[in-house]
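# Structure assessment
For reference, the chains in residue letters:
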Amino acid sequence: MFVRRLVTAAALALGLFTLTACQYSDLMPANAPLPAALVQAIKANGMGVKSPILVRLFKEESELEVWKQKDDGTYALLKAYPICAWSGKLGPKFREGDRQAPEGFYTVTPGQLNPNSNYYLSVNMGFPNAYDRANGRTGTFLMIHGSCNSAGCYAMDNGQITEIFALARESFQGGQRAFQIQAYPFRMTPKNMARHRNSEHYEFWKMLKKGSDHFEITRRQPNVGVCDRRYVFDQSAETVAGLSPTGACPDFDLAPEVAAKVTADETKEQTIAASMAPSEFAETANFSYRTGQPITAEAYAAEQHRREGYDREGNRIGRSSSSSGSIFSGFLK
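Notes on the structure in this doc start here.

Thresholds, definitions, all that
- Residues numbered from 1 in each chain as written.
- Predicted model: local features only at pLDDT ≥ 70, side-chain atom pairs only at ≥ 80, totals over all residues.
- Heavy atoms only, no water.
- Helix = DSSP H or I, 4+ residues; strand = E, 2+ residues; numbered from the N terminus.
- Pairing = 2+ DSSP bridges.
- Buried < 20%, exposed > 50% of the residue type's maximum accessible area, 1.4 Å probe, protein only.
- Salt bridge = Lys/Arg side-chain N within 4 Å of Asp/Glu carboxyl O.

Going from Phe127 to Pro128, the amide bond is cis rather than trans, its omega being 0°. Turning to its location among the elements, Pro128 is positioned in the loop between strand S7 (122-124) and helix H3 (130-134). The backbone phi angle of Tyr120 is positive, close to 75°, even though this residue is not glycine. One can find Tyr120 in the loop between strand S6 (113-114) and S7.

Put into structure tokens, the structure is as follows:
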């Protein structure tokens with residue numbers, strides 16, 4: 001009986017690698033097709049399978065959102081994924097080795113997709129961008145990747161990164177030249193801004209919020225520029241392309257509807273903050289690292305915001321990574 005099953009499995013394996021069947025490369029994670037349920041959701045929401053995407057990240061909520069462009073040119077939320085792990089604390093990345101996951105606006109081109117990553121699959125976020133460089137910030141290979149373990153990246157479980165990678169791949173095949181990543185400390189609501197207004201990063205977050213407000217109001221990707229070492233939004237692509245990251249900013253205004261939201265939210269924030277007790281304001285994490293020094297077990301535990309139920313390899317705790325078996329396993333039992 002065992003010999004018969006072994007022969008059957010061998011025949012199946014041979015069939016998979018003949019010219020008339022799937023090629024081996026087709027079975028690799030980077031070439032995995034989009035799940036049928038996700039394709040159905042795309043079509044049900046007036047999107048195209050190969051239409052452009054946009055990604056938003058929220059540290060405090062540990063969520064990654066993939067938005068997809070609809071037939072009318074606006075973006076709609078396709079799917080939200082719980083982040084498996086991110087490291088550091090709320091706030092931007094400053095220097096190589098600080099183990100901070102970046103915050104800001106980043107651009108991903110096809111060459112930034114890595115199908116041969118040491119972390120299953122990965123997407124290079126493009127840190128440092130023009131804003132980071134203008135402000136002297138350093139770091140390399142800041143990724144969205146698999147394996148649920150972070151040292152300055154946003155880590156997903158392997159199933160999630162396979163889907164995200166496939167969505168990016170399909171958008172590029174559809175003609176999108178680059179997609180935007182918006183990385184935030186938290187959802188940019190008046191209440192959250194009030195909670196965090198005592199942070200040293202508050203002014204930086206107010207700047208990011210203008211880009212968030214543009215997207216929330218228009219549902220279109222903001223054109224992001226850098227001048228005077230700060231982000232500017234809501235201008236034409238030609239205008240932002242001509243800016244000098246360290247030069248003076250020209251005179252320009254936010255679109256009226258975006259400016260109205262910024263003003264209204266600031267008023268709400270002040271009202272909320274005035275009614276809050278001291279204990280309701282967010283506390284700032286106090287752990288830090290010396291760049292280049294080994295991280296202690298205690299510091300590692302403090303900075304790993306890992307989803308409950310997953311280990312650092314991206315496997316569910318209590319479930320063997322091989323528990324699902326291979327396509328041949330049923331023949332060999």
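So much for the structure itself; the text now carries on.
On the basis of which strands lie adjacent, the open sheet formed by six strands has the order S6-S7-S8-S9-S4-S13 and mixed pairing. Edge positions in the sheet fall to S6 and strand S13 (304-306), since each of these pairs with one other strand and no more.

On to the pairing of strand S5 (residues 104-108). Among the five residues in S5, four count as buried, and that is most of the element. Relative to strand S10 (residues 179-184), S5 runs antiparallel, the two being bridged by five bridges. Paired with Thr107 across the two strands is Gln180, which belongs to S10.

The next subject is the pattern of salt bridges. This structure, assessed with the given rule, holds 18 salt bridges. Arg169 is the salt-bridge partner of Glu170, the closest N and O atoms lying 3.1 Å from each other. There is no split in this pair, since Glu170 and Arg169 are both buried. Here Arg219 and Glu216 are joined by a salt bridge, their closest N and O atoms 3.2 Å apart. Given the relative accessible area of 27%, Arg219 is considered partly exposed. According to the relative accessible area criterion, Glu216 is partly exposed, its value standing at 31%. Several salt bridges converge on common partners, so that one network encompasses Arg56, Glu63, Glu65, Arg187, Glu216 and Arg219.

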